[in-house]
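Fold and contact review
Next come the chains, spelled out residue by residue.
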Amino acid sequence: MAVETNSIGVGRCYVTHASEVRKVLEIDGQKLTYVVRGKMAFPSWDREMRRSTTMEIFARDVEREVSCGWQPR
């Protein structure tokens with residue numbers, strides 16, 4: 001796991017190895033709902049990219065916590 005499950009929180013943002021930023025919207029037990037920020041010229045939180053997964057899978061797939069305004073270099 002790249003991030004510990006107990007450190008994941010609602011409203012926090014995390015980046016994947018592919019530079020995809022994910023913002024946690026809801027945690028219900030071991031189920032987690034997040035939204036992905038678009039990568040186009042005007043990135044925004046894309047409600048169409050709302051996803052649900054388990055805490056364990058989310059923690060495995062992200063690299064680290066970042067600010068929600070984080071941009072790849």
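Keep in mind the model is a prediction, meaning the values are calculated, not measured. (Residues numbered from 1 in each chain as written. Predicted model: local features only at pLDDT ≥ 70, side-chain atom pairs only at ≥ 80, totals over all residues. Heavy atoms only, no water.)

1. Quick word on the overall build of the chain
Across its full length, the chain holds one helix and five strands. The globule rule puts the C-alpha radius of gyration for 73 residues at 11 Å, and the 11 Å found for the chain is close to it. Principal axes of the C-alpha set define a box for the chain whose edges measure 35 × 25 × 15 Å. Going through the 73 residues of the chain one by one, you find that 33% of them count as buried. For the chain, restricting intrachain contacts to residue pairs at least 6 apart in sequence, the fraction spanning at least 24 positions comes to 45%. Looking at the chain as shown, the accessible area adds up to about 4800 Å², and 48% of this sits on carbon and sulfur atoms. (Helix = DSSP H or I, 4+ residues; strand = E, 2+ residues; numbered from the N terminus. Rg over C-alpha atoms; globule rule 2.2 N^0.38 Å. Buried < 20%, exposed > 50% of the residue type's maximum accessible area, 1.4 Å probe, protein only. Contact = heavy atoms within 4.5 Å. Areas by Shrake-Rupley, 256 points an atom, 1.4 Å probe, with all protein chains shown as cover.)

2. Section: the packing of aromatic side chains
To describe a pair of aromatic rings, you give the distance between the ring centres and the angle between the ring planes. Evaluation of the coordinates by the stated rule reveals two aromatic pairs. The interplanar angle of 90° and the centroid separation of 5.5 Å between the aromatic rings of Tyr-14 and Phe-58 together place this pair among those described as edge-to-face. Here Tyr-14 is found in strand E1 (residues 13–16), whereas its partner Phe-58 is found in helix H1 (residues 55–61), with 44 residues between them in sequence. No difference in accessibility class separates Tyr-14 from Phe-58, as the two residues are buried. Note on Tyr-34 and Phe-58: the rings are 5.4 Å apart at their centroids and 55° apart in plane angle, and the pair reads as tilted. One end of the pair, Tyr-34, is in strand E3 (residues 31–37); the other, Phe-58, is in helix H1, with 24 residues separating them in the sequence. There is no split in this pair, since Tyr-34 and Phe-58 are both buried. Each member of the aromatic cluster is reached from another via a ring pair, and the members are Tyr-14, Tyr-34 and Phe-58. (Phe/Tyr/Trp six-rings, centres within 6.5 Å; stacked < 30°, edge-to-face > 60°.)

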